[in-house]
Amino acid sequence: MRRPTRGTPPRSVALPLAAVMAAAGLAGCARQPDPGTVTVLNSATNTAEHEANQDHFDRCAEPLGLRVDQISVPADQVATKALRMASSDSLPDILELDGSELPQFAETGGLLPITSAGVDTSVLSDSAVSLGSHDGAQYGVARSVNSLALIYNAELLAEAGLEPPATWEELRASAAELTGGDTYGMAFSASPNADGVYQFLPFFWSAGGDETALDDGAGDAALQLWKDLVDDGSASRSVVNWNQQDVNDQFISGRAAMMINGPWQVPVLDGQDDVEWAVASIPVPEAGQDPVPPIGGTVMTVPAGGDEEREQNAGAILNCLNSEENQLAWGERVNNVPTREDAAAAYREQNPKLAPFADLVATARSRTAEVGTGWPVVADAMSGAFQSVLTGRTTPGDALERAQRQTRTGE
Amino acid sequence: MTTPHSPAGTTPGADSPHDVARRSAERGRTRRRLYQWLFVAPALLYMVGFFGFPLVNNVVMSFQEYTPTTYFTGEAPFTGLDNWRAVLGDGLFTDAIWQTLLFTAGSLLGQFTIGLALAVFFSRRFRLSGPIRAVLLLPWLVPMVVSAVVWRRIMDQDHGVLNSFLSVFGMDAVPWLASPSVALLSAVLVNIWIGIPFNMVILYGGLQEIPRELHEAAALDGAGPWRAFRSVTLPMLRPVITVVLVLGFMSTIKVLDLILALTGGGPADSTQTLGTLTYQLSFLQLDFGQGAVVGNVLILISAVFAVLYLRVNRADLGKGK
């Protein structure tokens, strides 16, 4: 048997080759942060958003003799990216998180109480403070916040001689009346993710629902209202698939006369001429009650354990970003409501069309104020509840009882 | 290669020609072995670093309380079987396993049958067969998430093209994605559509390899098209079929992006699979320990099938195929 003699190349080639291949795996080194640069991790991946952010950062950093570098990743990856950075000790100086993610981070002890970085929080509204707080300490500052409101097709309502509904009863009646042909009276998102949960909360909370005791009976009415709207034919059965973007698409294509949505849709709504839109407050169970929508938005935090000078620099930039003038400019840019009471009042005056949002934010609640780090589990249980009710699998009472059991085992 | 034995009676240490030959042969062998290992080393290091380490880590993680805090402090206390108990005790896990298996079996069955039928169809060359085959490849070129978003519109209950089409035949609107009893079927249908090109291309390649003479001989023996397909085409195609099915299985069982974009696991958890469940536990609830449990189950299922595949292949080799 003859063996082919292949294999051993000359030694002069073989050893360096193997060495290079082995060394390639060891490459990579840590970046040394420059003292004059403040790094930010946020979700401004869209060019316009990134530039707007940079513009505001520069406005504040230049007078302090600092430079700001943004690292932007898609919104749903900010938390995991930050965790990876934490494990390699390379967290940015400012970490911008979604408000609902803050407790998870604060709980780790990895965030600095924001006042220790020299940030003045006394000027912020109570709801903004609660959005950035965990366990009684404030870790994050929101420049502006959003909420949900009833956005309606002014033309269709005028044709039907209707005012935007203020109570659930009116909502159900108006939605039924506005339904016809290709148009549903009402659209909302009941998708099995954060979008659906966000939209369910204004109904659940306004009805007196309590996220720490889902099965106390108060929330049943909210589920029943959603169920009724779908059963009446006033809302599509597809709401269980629609995220908030889909809901907006339905609205601007004229297939929904009213919808629940947030101010982040304003650029899209403004960019079309087919539908004349207006904003009203969220309907409440009984006339005269205050609506309790959720408060949303991002909060800027300062990771702990860094160099004190860097922390103070970050704090100084945060203070500047939250001056009345800058908050107002930022709020108008992103159509969100500023969190300083003085800036919010000015915003309300300058944007009468979006004024209902400014009012709603005043009574809005933070999703994590009660349950803190337990929120993801509660949110998941809640979405399970409205999905199974809307698809006719169970009754509101049973659904919420099951949801409550789920949150208990999730603890 | 055999080493020559030094004859008995030679003084040790004396450099007889035999000894020199033996030593140089030994040296050559050691050197050759060293070089072999040096060339294997990069691949081995890569495998250990990028497959072995994460795999072991994932198993270890499933016994730990691995939360965001771990990333900051590096501490992940061992909690024994707590994670496993929590995941296995959750009714959703059982549902997800069933749904994953149904989804995988349904998808493979549909993809494979239609893919094979199309491959056989196109293996008879006819005018325009090339361009049509190229068009059928399109689903493969479209990113999965884009397909899912388009299908979401097609399957919309009120305004979707699919229901408008069905209404031509007087059928009622089907709640493709809005009803828990139909949604999994819809997801399977979309995945079949996505998977047909892959199956078709590989099986078409396999068909081209079958010598024409075999079919001619079968025809001479009086075999009709069906008999020829069953007794000639299928047995000859067997190795290709196993490859297609195993690869299809591996890529289907871990499905995540399609489901997330199509239904998000809903309605009422009816399209939750092991993939979406591990995503939900690890990246939404940030409970990496429990997410790892589901991931391990997924790896285990895949491993079982990978071993089956290797066995089948070895049996094939043994038969000289």
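An unreviewed UniProt entry lists chain B under the name Sugar ABC transporter permease, with Streptomyces spiramenti given as the organism. Under the heading Sequence similarities (unreviewed entry), UniProt records this for chain B: "Belongs to the binding-protein-dependent transport system permease family." Quoted verbatim from the Subcellular location (unreviewed entry) field of the UniProt record, the comment on chain B reads "Cell membrane".

As annotated in an unreviewed UniProt entry, chain A is Sugar ABC transporter substrate-binding protein from Streptomyces spiramenti. The UniProt entry for chain A carries this comment under Sequence similarities (unreviewed entry): "Belongs to the bacterial solute-binding protein 1 family."

Visitor: Would you mind showing me how to read the overall build of chain B here?
Guide: The helix and strand tally for chain B stands at 14 helices and zero strands. Mapped in sequence order, the helices and strands of chain B form the string α-α-α-α-α-α-α-α-α-α-α-α-α-α. Whereas a compact globule of 321 residues would reach a radius of gyration of roughly 20 Å, chain B reaches 28 Å, over 25% beyond that. For chain B, with 321 residues in total, the buried portion stands at 39%. Within chain B, residue pairs in contact and separated by at least 24 positions form 66% of the contacts whose partners lie at least 6 positions apart. As displayed, chain B offers around 18,300 Å² of accessible surface, 68% of which is attributable to carbon and sulfur atoms. A gap of 16 Å separates the mean positions of the 23 positive and 19 negative side-chain charges of chain B.

Visitor: Explanation requested: the sheet that holds strand 3 (residues 94-98) of chain A in the structure shown.
Guide: Backbone-to-backbone hydrogen bonds join strands into a sheet, with any given pair of strands oriented parallel or antiparallel. Residues and elements named next belong to chain A. The sheet built from five strands is open, its strands ordered 2-1-3-13-6 with mixed pairing. Of all strands in the sheet, those bounded by a partner on one side alone are strand 2 (67-72) and strand 6 (140-141). Looking at chain direction, strand 1 (residues 37-42) and strand 2 are connected through six bridges and run parallel. Paired with Thr-39 across the bridge in strand 2 is Asp-69. Against the sheet, helix 2 (residues 47-61) engages strand 1, strand 2 and strand 13 (298-301), with an angle of about 155° to strand 2.

Visitor: Could you clarify how one ought to interpret a negative patch on the surface in this entry?
Guide: All names here are of chain A. Where like charges cluster on the molecular surface, the negative patch consists of Asp-215, Asp-216, Asp-398 and Glu-401. The topology assignment puts Asp-216 in the loop between helix 8 (194-206) and helix 9 (220-231). Look at Asp-216 and you get partly exposed, because its relative accessible area is 43%.

Visitor: Teacher, can you tell me more about the packing of helix 9 (residues 183-209) of chain B against helix 11 (residues 225-253) of chain B here?
Guide: How two helices sit against one another is set out by the angle between their axes and by the gap between those axes. Residue and element names in this part refer to chain B. Look at helix 9 against helix 11: their axes get within 10 Å of each other, and the N-to-C directions meet at 150°. Helix 11 is crossed by helix 9, and the crossing has right-handed handedness. Taken together, the residues of helix 11 that come into contact with helix 9 (itself represented by Asn-191, Phe-198, Asn-199, Ile-202, Leu-203, Gly-206 and Leu-207) are Thr-233, Leu-237, Val-240, Ile-241, Val-244, Leu-247 and Thr-252. Across the contact of helix 9 with helix 11, the residue classes tally to nine nonpolar, five polar and no charged.

Visitor: I would appreciate a short explanation of the confidence of the model for chain B in the present structure.
Guide: Parts of the model with low pLDDT should not have their predicted coordinates read in detail. Of the residues in chain B, 93% have a pLDDT of 70 or more, and the chain-wide mean is 87. In the model, residues 6-10 of chain B has pLDDT below 50 throughout and makes four contacts with residues more than four positions away in sequence or in other chains.

Visitor: Can you walk me through the sheet that holds strand 11 (residues 277-280) of chain A in this structure?
Guide: All names here are of chain A. Spatially, 9-10-8-11 is the arrangement adopted by the four strands of the open sheet, whose pairing is mixed. Unpaired on one side and paired on the other, strand 9 (184-187) and strand 11 mark the two borders of the sheet. Pairs of neighbouring strands in the sheet enclose a mean axial angle of 20°, with direction left out of account. Across the sheet, helix 10 (residues 244-252) is in contact with strand 8 (149-153), strand 9, strand 10 (256-261) and strand 11; its angle to strand 10 comes to roughly 155°.

Visitor: Just checking my understanding: could you explain the pairing of strand 13 of chain A for this structure?
Guide: Across a regular strand the side chains alternate sides, sitting on one face of the sheet and then on the other. All names here are of chain A. Pairing geometry for strand 3 and strand 13, over four bridges, is antiparallel. Looking at the pairing, Asp-98 lines up with Thr-298 of strand 13. Relative to strand 13, strand 6 runs antiparallel, the two sharing two bridges. Bridged to Val-141 within strand 13 is Met-300.

Visitor: Which parts of the structure should I look at to understand the domain arrangement of chain A?
Guide: How big an interface is tends to be expressed through the accessible area that disappears when the partners come together. Residues and elements named next belong to chain A. In terms of domain boundaries, chain A breaks down into domain 1 (37-145 + 297-366) and domain 2 (149-292 + 371-409). Centre-to-centre, using C-alpha coordinates, domain 1 lies 28 Å away from domain 2. Our count for the contact surface shared by domain 1 and domain 2 stands at one salt bridge. Note that Glu-211 is salt-bridged to Arg-365, the shortest N-O span being 2.7 Å. At the surface where domain 1 touches domain 2, the tally comes to three residue pairs in polar contact (both at pLDDT 80 or more). Taken together, the elements giving at least two residues each to the side of domain 1 that touches domain 2 come down to helix 4 (102-107), helix 15 (355-363) and strand 15 (365-366). Here the side of domain 1 that touches domain 2 gets four residues from one element, more than from any other, and that element is helix 15. Among the residues forming the side of domain 1 that touches domain 2, the class breakdown is five nonpolar, seven polar and three charged.

Visitor: I'm lost on the side chain of Ser302(B) in this one. Help?
Guide: Residue and element names in this part refer to chain B. Within the secondary structure, Ser-302 is located in helix 14 (residues 288-318). Using a relative accessible area of 17% as the deciding quantity, one classes Ser-302 as buried. In contact with Ser-302, other than residues within four places in its own chain, are Phe-249, Met-250 and Ile-253.

Visitor: Help me understand the state of the cysteines, please; the structure alone is not making it clear to me.
Guide: Joining two cysteines, a disulfide is a covalent bond between their sulfur atoms. Residues and elements named next belong to chain A. Enumeration according to the criterion identifies one disulfide over all chains in this entry. Paired by a disulfide, Cys-60 and Cys-320 hold their sulfur atoms 2.0 Å apart. Its S-S torsion of about -80° marks the bond between Cys-60 and Cys-320 as left-handed, since a negative value means left-handed. With a gap of 260 residues between them, Cys-60 in helix 2 and Cys-320 in helix 12 (residues 308-321) connect regions that are remote in the sequence. Its relative accessible area of 2% is what places Cys-60 among the buried residues.

Calculation notes
Residues numbered from 1 in each chain as written. Chains lettered and ligands numbered in written order. Predicted model: local features only at pLDDT ≥ 70, side-chain atom pairs only at ≥ 80, totals over all residues. Heavy atoms only, no water. UniProt positions renumbered as here; feature names shortened; annotations may be inferred. Helix = DSSP H or I, 4+ residues; strand = E, 2+ residues; numbered from the N terminus. Rg over C-alpha atoms; globule rule 2.2 N^0.38 Å. Buried < 20%, exposed > 50% of the residue type's maximum accessible area, 1.4 Å probe, protein only. Contact = heavy atoms within 4.5 Å. Areas by Shrake-Rupley, 256 points an atom, 1.4 Å probe, with all protein chains shown as cover. Lys, Arg positive; Asp, Glu negative; His and termini not counted. Charge placed at Lys NZ, Arg CZ, Asp CG, Glu CD. Pairing = 2+ DSSP bridges. Axes fitted to C-alpha atoms, helices over the stretch in contact; angles between N-to-C directions. Patch = residues over 30% accessible without salt bridge, like charges linked within 9 Å, V, L, I, M, F, W, Y side chains within 5 Å. Salt bridge = Lys/Arg side-chain N within 4 Å of Asp/Glu carboxyl O. Left-handed = near helix turned anticlockwise from the far one by under 90°. Nonpolar A, V, L, I, M, F, W, Y, C, P; charged D, E, K, R; others polar. pLDDT = per-residue confidence, 0-100. Domains from an automatic or database assignment. Polar contact = N/O pair within 3.5 Å; in protein donor to acceptor, adjacent residues only side chain to side chain. Disulfide = S-S within 2.5 Å.

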